[in-house]
Amino acid sequence: MRIGMVCYPTFGGSGVVATELGKALAANGHEVHFITYDQPVRLGSFRPNVFYHEVQISQYPLFDYPPYELVLASKMVEVVRQQNLDLLHVHYAIPHASSAYMAKRILAEEGRHLPVVTTLHGTDITLLGKDPGFEPVISFAINQSDAVTAVSTSLRSDTYKLFGINQDIEVVPNFICPDHFKELRGQERHDFAEDEEHLLCHISNFRPVKRVVDVIRTFALVAERLPAKLLMVGDGPDRSEAERVARECGIEGKVFFLGKLKNPLEALSISDLFLLPSESESFGLAALEAMACGVPVVATETGGLPEVIRHGVSGMLAPIGAVEKMAEHAEFLLAPQHHEKFKQQALKRAAAFDITRVLPEYLRIYNGVLAEQPAD
Ligand code: GMT
């Protein structure tokens, strides 16, 4: 198949999922064309069957807001025509699903049927999509997609609850590529923690939904009871507040704010525990990646997280904002008599999300939309 893969190229999980999926499809002999405004961060060096088409936005003085979705739709049309693509798989509904709809209509005028598969990732539905400024267009674009997937059962229910959707939404969970975890080195641990110290980690975009201040407050309680350090990986609007709270708690010397890392898996590979106290999380890819590194997780019981982390098996869950409870869970999981067992169970749980289980699901969906004839 020749597949157009449309995603955000940045550090967010949706871009990571799209990139890893594209790479896996390419390794299986399919031709994958990434269409986005920058090179996807996890794309890595060049490989057979992978192509990248950059969406270039021209600045014009009239545009306070350059119309990205129009340029993206035009680029989709161009790439479909030139590369003879069979279908588009768009990740994150805003604006990718609506741009794809426009591209589909333009191509229909020339008698070309372009199936569109839309994968919903989370904030496109739970935060932005329900905003009246987006809702009518997003509902429409989702309904016009030839197939729609969501990364968890929780996100599927939220989508049905929040939108007037008359489409079937299939749940295809996020995944990991085990090979990427075998290559990790992990010898930098000594740069951050002494042998007797526990190393905790958090990775996110530091947006309010991630509750990074709860990470700091949870860690402050843990650090009162155990020798411990914390790696904070990522950047975003709440970073300064998190740094301020770390100073206020007197733990600034124990917390490393590393900023964005090209390969955050390296930080996970040296960590003992992952903290994800989000307000909402449709899946929690970072938690899955932590488990794939053998790192148990303390997270909130929200959204899709309970579908990924088995409470009492691969980690522990607590109510949103319950920092004392999360610190208790952390202490429990770090206890020598529990830690090794939870590490092994985290690895086992992550194996359930191996890409080799998920790839056939997407291929089945692609084959399904390719087999369907256009209605008009
Ligand atoms: O977490 C974000 O705000 C970024 C967003 C994204 O587009 O990457 O993450 C969402 O998609 C990820 C990949 O499917 C999920 O693992 C995250 O749980 C989801 N984030 C939220 O629901 C907050």
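Residues numbered from 1 in each chain as written. Predicted model: local features only at pLDDT ≥ 70, side-chain atom pairs only at ≥ 80, totals over all residues. Heavy atoms only, no water.

(A) Representation of the layout of surface pockets within the structure. Reported here for the largest pocket is a volume of approximately 1400 Å³. The set of elements that each furnish at least two residues to the lining of the largest pocket consists of α1 (13-27), α3 (93-109), α4 (123-126) and α12 (285-292). A per-element tally of the lining of the largest pocket places α1 first, with four residues. By residue class, the composition of the lining of the largest pocket is 23 nonpolar, 17 polar and nine charged. Mapping the lining of the largest pocket onto the domain boundaries places at least three of its residues in each of domain 1 (2-175 + 355-371) and domain 2 (179-351). Put simply, the second largest pocket is a space of about 670 Å³. Taken together, 26 residues line the second largest pocket, and the ones lying closest to its centre are E20, K23, D179, H180 and E183. Elements that contribute at least two residues to the lining of the second largest pocket include exactly α1, α7 (178-182), α11 (265-269) and α16 (355-371). Broken down by element, the lining of the second largest pocket gets its largest block of residues, four residues, from α1. (1 Å grid on protein atoms, 1.4 Å probe; cavity = no way out; pocket = protein on both sides within 12 Å on 5 of 7 lines; lining within 4 Å. Points joined across faces, edges and corners; volume = space filled by probe spheres on them. Helix = DSSP H or I, 4+ residues; strand = E, 2+ residues; numbered from the N terminus. Nonpolar A, V, L, I, M, F, W, Y, C, P; charged D, E, K, R; others polar. Domains from an automatic or database assignment.)

(B) Region of interest: the site of the ligand. The ligand sits among 17 residues. The nearest are G13, S14, H121, E281 and S282. Here S282 contributes a backbone N or O atom positioned 2.8 Å from an oxygen atom of the ligand. Measuring from an oxygen atom of the ligand, one finds a backbone N or O atom of G284 at 2.9 Å. The cavity where the ligand resides is the largest pocket. Residues that form the shell around the ligand fall into these classes: four nonpolar, 11 polar and two charged. When we break the shell around the ligand down by domain, the ones giving at least three residues each are domain 1 (2-175 + 355-371) and domain 2 (179-351). (Near = heavy atom within 4 Å. Polar contact = N/O pair within 3.5 Å; in protein donor to acceptor, adjacent residues only side chain to side chain. Sits in = over half its atoms within 2 Å of the grid points.)

(C) Broad picture of the sheet that holds strand β13 (residues 315-318). One open sheet holds the six strands; their spatial order is β10-β9-β8-β11-β12-β13, and the pairing between them is parallel. In this open sheet, the two strands that pair with only one neighbour each are β10 (255-259) and β13. Shown here is a sheet whose adjacent strand axes are inclined to one another by a mean of 20 degrees, direction ignored. Sheet contacts for helix α14 (residues 323-334): β8 (198-203), β11 (273-276), β12 (297-300) and β13; angle to β13, the most-contacted strand, approximately 170 degrees. (Pairing = 2+ DSSP bridges. Axes fitted to C-alpha atoms, helices over the stretch in contact; angles between N-to-C directions. Contact = heavy atoms within 4.5 Å.)

(D) Structural detail: the packing of helix α9 (residues 212-225) against helix α10 (residues 239-248). Orientation of α9 relative to α10, taken along the N-to-C sense of each, is 20 degrees, at an axis distance of 9 Å. Regarding the angle of α9 to α10, the classification is roughly parallel. Relative to α10, α9 is oriented so that their crossing is right-handed. The residues of α10 that touch α9, namely those facing V212, V213, I216 and R217, are E241, A242, V245, A246 and E248. Within the contact of α9 with α10, the residues separate by chemical class into six nonpolar, no polar and three charged. (Parallel < 35°, antiparallel > 145°, perpendicular 65-115°, else oblique. Left-handed = near helix turned anticlockwise from the far one by under 90°.)

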